[in-house]
Amino acid sequence: MARYTKTGTLNTIAQLNAELDLIALAISDTLSRVGDSPNQLETTLDVNSNRIINLLAPVSLQEPLRLQDLSLLAAPITDSSVVGSVAAMQATSFSIGNYVICKRYYADGALVDGLHFEIVAGGTGTADGGSFHNLSNGTQARIIKSEAISFYQFGAKGDNVTSDNTAIKNCIAYLGANGLNLRVPATATYFLISESLTLPNNFSVSGSGWKSAIRQVALNESAFILGNNCTIDGCRIKIADGDGSVFINCVYGEGVVNPTVKNNFLNSSGAGGCGVHFRNTFNSVITDNTIYGGKWSGGAGPSASAADILFYSGVASSRHIISGNYCLSNNSQGIFSDSLGRDAESIITSNFCITLDPATCIEGGAWSEIATGGIRRHGILTGYNDPVDGTSSLIVSDNICKNTRWAGIYNQNTGAVPRKTLISNNICVDNGFETGNTLAGGIYVSKSGNEQVIGNIVFNFKGSAANTVGAITLNAANATSLKTLIKDNYIIDSLAHGISISTNCAGVVVDNNTITGSVFSDIYWSANAGNAALGGHTICRNDITRINTDEASINLTAQASTNLTRVYGNTIKGSNKATVADTNAALRTTAIGGAVNFCDNFVENFYYGVYNSNFFAGTRITNARFDRNTFKDCEKGMAIGATTNVPTVPVFDNVFENVTTKIDGRAGFVAGKIAIRLDDNVQVFTTAAPTTGSWLVGDRAYNTASIVGQPKAWRYNSVGVWTSEGNL
């Protein structure tokens, strides 16, 4: 039928209906599969003159072929056969050019894909149980290269009984030589190996997770040793228990670049066992692995340094990312980075380092925490020997470190060439179960300098203040260390100090931390004796809430330090003001030597707002200031005493609200004087001209009891005499 053409003017309903019938008939004949010609479904409608229903030309091995594509293939194999097993193929005489498919590797085994062979002349290759098989008539069967090749095509059984070592080694060798990567098939138990598997460069091993399982059965043997640009992804790997004499590893790499280990389950087993162990590597990536089962007896040697993730470089090593891992063993530490001071530029982020009981870490197990930290010392340990390269940098962020004997995060630096270190946004919980240890802390920084400890949460630290440790513990090797910043941290329920600054620290800034529930001091500084270069700290803007009166909130012991330590802008709330004790104080100083400023703080509900345990000596004290503070609901504002009536410590612009005694001299003379500033001089408030103290020319004593005929005030003149300013 011709195409529809309008017939003319339509004037009636009947004409319109007839026209619609013509349109319907044209459509039916044009598009119906059984209509008259021209039938447009039977014509070539695309620009390539192909039928409209057709396949595109294939672009990958997974897409189907068209008939026209077959003409582009090489000449087909002349004959083909299907046999039940590799043994049956080996016993059969095939001709060169035949194509043979084996259903199984073993006659009594499971079906195996990818056992496709081409028959070639004898001696073409070396029979290795996988890529070449010798046949009974002298020919060989050569496996046809495909992505389906795995351990099974080389005779592995994966039954956790038979050794698959040779099959797996030969499979890796074949795949590496042919530019293919290894896919670890699933098995109900394990593939067994008995020696370390060394991967060629540019090689990847991938699996489907828990069921792609390989077990090393030999003592003190690693499972995989990586070459350059190698990846292990999505496998379960278990090593045998070691004897602690050497490191043994699920995955090991030394002197290589671009190693990647991700998405694996790594059972590091016994003494000396590591999930991942890298040395002298560059551009390393270790991410999203679950590492478990490691143990440690507490002895020395390699097992003491073994970790779920270990970097143990003796020469230059740099640029490492360790992220998203579960480090769950009961070994010495979860992550140990920069062990020998040579692993530079590292980021350790978003890991879970939690000590579990290895006996529960099995398929179907509870995967539960072991009691009191087990044997694990540190969740994350960064540095142990001093960093060699002072330009190195380290980020430790967003990790959860829980249930350890010593520290959640332990960072060691050096005052000589300190590494730039950021420790931020971590959560450290239940650390320090070994209460007698001096290297404990939710976060412990040793040989400090150039660190920033920012925004962390440290909860329920278990340590003992008898060892001067705290939820955050800081010490330094020498007083020349660059400043360390401890800022914006939340410290909750520490059984020791909140923040402990000890040994040779200098220039530490403790800023804007929230501290509550500390059994001992919230902020504690105890300097080494005999070193005047220590101190110089800044303790500011912290929000502190005490739960007892056994220790002062901010407790400073300066020893011989002459550097000024400033304490300002803090909010410090005590537990009660009734308990009479010098430890029931917002600030307590010992051997302070006058080098302290306590200014602009808000202090509430203590017996002492400030308690100086040493008497001031000398004359006019100018390097100790206690100014512009607000003391509320305290029994005594400040205890500022001296052994004689000579030392004078003016205190300016303080507010005393519901304070019984504003200034106290302890058991000696009252050295503190409430005063206001008169340029370089002071004005004190008294009822008579002072007869004690140390004064400067121009100082003024205002008479608070002045009446008509009595002096309004007195001035201290150049001959050391107080003279009246005239009577009222």
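Quick caveat, the model's predicted, so the values are computed rather than measured.

Draft legend 1. Focus on the overall build of the protein. Scanning the protein for helices and strands turns up five helices and 63 strands. In the protein, which comprises 728 residues, the proportion classed as buried is 50%. Contacts spanning at least 24 positions in sequence make up 70% of the contacts within the protein whose residues lie at least 6 apart.

Draft legend 2. Structural view of the pairing of strand E21 (residues 317-323). In terms of residue burial, E21 counts as a mostly covered element, since five of its seven residues are buried. The sheet contact formed by strand E18 (residues 282-287) and E21 spans five bridges and is parallel. Among the inter-strand pairings, phenylalanine 282 is bridged to a residue of E21, identified as serine 318. For E21 and strand E24 (residues 343-349), the ladder comprises six bridges, and the chain directions are parallel. In the sheet register, isoleucine 322 faces E24, and the bridge partner there is isoleucine 348.

Draft legend 3. Focus on the environment of asparagine 654. Tracing the backbone shows asparagine 654 in the loop between strand E55 (649-652) and strand E56 (655-657). Considered as a pair, asparagine 654 and phenylalanine 631 are 23 residues apart in the sequence and their alpha carbons are 7.7 Å apart. Apart from the residues lying within four places of it in its own chain, the contact partners of asparagine 654 are Phe626, Asp627, Arg628, Asn629, Phe631 and Met638. Polar side-chain contacts of asparagine 654 include one of 2.8 Å to the backbone nitrogen of asparagine 629.

Draft legend 4. Inspection of helix H4 (residues 165-177) at higher detail. Helix length check: H4 (13 residues) gives 18 Å between terminal C-alpha atoms against 18 Å at 1.5 Å per residue, within 8%. Those residues of H4 not exposed but buried are Asn165, Ala167, Ile168, Cys171, Ile172, Tyr174 and Leu175. Against the buried residues of H4 lie strand E5 (140-143), strand E6 (182-183), strand E7 (191-193) and strand E8 (197-198). Two residues or fewer past H4, glycine 179 is found with a positive phi of approximately 70°.

Draft legend 5. Main features of the environment of alanine 359. Relative to the assigned elements, alanine 359 resides in the loop between strand E25 (352-354) and strand E26 (378-382). For the pair formed by alanine 359 and glycine 293, sequence separation is 66 residues and the distance between their alpha carbons is 7.7 Å.

Draft legend 6. The confidence of the model for the protein, seen in detail. When pLDDT is averaged along the protein, the result is 89, and 90% of the positions lie at 70 or above. Predicted confidence for residues 32-38 stays below pLDDT 50, and this span has 13 contacts to residues more than four positions away or in other chains. Across residues 41-47, confidence stays below pLDDT 50; counting only partners more than four residues off in sequence or on other chains, it has 11 contacts.

Draft legend 7. Fine view of the nonpolar core. Ranked by internal contacts, the top residues of the largest apolar core, which has 120 residues, are Met89 and Phe626. Sort the elements by how many residues they give to this core and H4 lands first, with six residues. When near neighbours in sequence (up to four residues on either side) are disregarded, phenylalanine 626 contacts Leu587, Val596, Phe598, Val610, Asn612, Phe616, Met638, Ile640, Val649, Val651, Phe652 and Asn654. Counting 10 residues, the second largest nonpolar core, distinct from the first, contains Phe247, Ala307, Ala407 and Tyr410.

Draft legend 8. Structural context of the pattern of salt bridges. Scanning the entire structure with this criterion turns up 16 salt bridges. Among the ionic pairs, glutamate 369 bridges to lysine 402, the shortest N-O distance being 2.9 Å. With glutamate 369 in the loop between E25 and E26 and lysine 402 in strand E28 (residues 400-404), the pair connects residues that are 33 residues apart, well separated along the chain. Residue class for glutamate 369 comes out partly exposed when judged on its relative accessible area of 37%. The shortest N-O distance in the salt bridge between aspartate 511 and lysine 487 comes to 3.0 Å.

Draft legend 9. Up close: the side chain of serine 613. Following the sequence through the fold, serine 613 ends up in the loop between strand E50 (608-612) and strand E51 (624-625). Looking at serine 613, the relative accessible area reads 17%, which means it is buried. One polar contact links serine 613 to threonine 590, side chain to side chain, over a distance of 3.1 Å. Separated by 3.5 Å, the side chains of serine 613 and asparagine 614 make a polar contact. The residues contacting serine 613, other than those within four sequence positions of it, are Arg588, Thr589, Thr590 and Arg666.

Draft legend 10. Molecular detail of unusual backbone geometry. For asparagine 258, which is not glycine, the phi torsion reads 60° and is therefore positive. Within the fold, asparagine 258 resides in the loop between strand E14 (243-254) and strand E15 (260-262). Positioned with a positive phi, aspartate 493 is a non-glycine residue whose angle comes to about 55°. By the secondary structure assignment, aspartate 493 is in the loop between strand E37 (490-492) and strand E38 (497-503). Note on aspartate 493: relative accessible area 34%, which makes it partly exposed.

Draft legend 11. Structural view of the side chain of histidine 320. For histidine 320, the location among the structural elements is in strand E21. The buried category is assigned to histidine 320, whose relative accessible area is 2%. Setting aside residues no more than four positions away along its own chain, histidine 320 makes contact with Thr281, Phe282, Ser284, Phe311, Asp343, Ala344, Glu345, Ser346 and Ile347.

Draft legend 12. Representation of the packing of aromatic side chains within the structure. Inspection of the entire model under this criterion finds 17 aromatic pairs. Between phenylalanine 631 and phenylalanine 656, the aromatic rings sit 5.5 Å apart at their centres with planes inclined by 10°, giving stacked as the arrangement. On the criterion of sequence distance, the pair formed by phenylalanine 631 in strand E52 (residues 630-632) and phenylalanine 656 in strand E56 is long-range, its members being 25 residues apart. A single burial state applies to phenylalanine 631 and to phenylalanine 656, both of which are buried. Judged by centre distance (5.4 Å) and plane angle (75°), the ring pair of tryptophan 695 and tryptophan 722 falls under edge-to-face. On the criterion of sequence distance, the pair formed by tryptophan 695 in the loop between strand E60 (681-686) and strand E61 (700-703) and tryptophan 722 in strand E63 (residues 722-724) is long-range, its members being 27 residues apart.

Draft legend 13. Geometry of the sheet that holds E55. As summarised here, the arrangement of the six strands in space is E55-E59-E60-E61-E62-E63, forming an open sheet in which the pairing is mixed. Strands at the two margins of the open sheet, each flanked by one partner only, are E55 and E63. Direction aside, the axes of adjacent strands within the sheet are offset by 40° on average. Sheet topology note: the E60/E61 ladder contains four bridges and is parallel. Paired with valine 684 across the bridge in E61 is alanine 701.

Draft legend 14. How the structure looks around the environment of alanine 127. Mapped onto the elements, alanine 127 comes out in the loop between strand E3 (116-120) and strand E4 (132-134). The spacing of alanine 127 and arginine 142 is 15 residues in sequence and 9.1 Å in space, taken between C-alpha atoms. With near-sequence residues (within four places) excluded, alanine 127 lies in contact with Phe132, Asn134 and Gln140.

Parameters and conventions
- Residues numbered from 1 in each chain as written.
- Predicted model: local features only at pLDDT ≥ 70, side-chain atom pairs only at ≥ 80, totals over all residues.
- Heavy atoms only, no water.
- Helix = DSSP H or I, 4+ residues; strand = E, 2+ residues; numbered from the N terminus.
- Buried < 20%, exposed > 50% of the residue type's maximum accessible area, 1.4 Å probe, protein only.
- Contact = heavy atoms within 4.5 Å.
- Pairing = 2+ DSSP bridges.
- Polar contact = N/O pair within 3.5 Å; in protein donor to acceptor, adjacent residues only side chain to side chain.
- Expected span 1.5 Å × (residues − 1).
- pLDDT = per-residue confidence, 0-100.
- Core = buried A, V, L, I, M, F, W, Y, C linked by side-chain atoms within 4.5 Å.
- Salt bridge = Lys/Arg side-chain N within 4 Å of Asp/Glu carboxyl O.
- Phe/Tyr/Trp six-rings, centres within 6.5 Å; stacked < 30°, edge-to-face > 60°.
- Axes fitted to C-alpha atoms, helices over the stretch in contact; angles between N-to-C directions.

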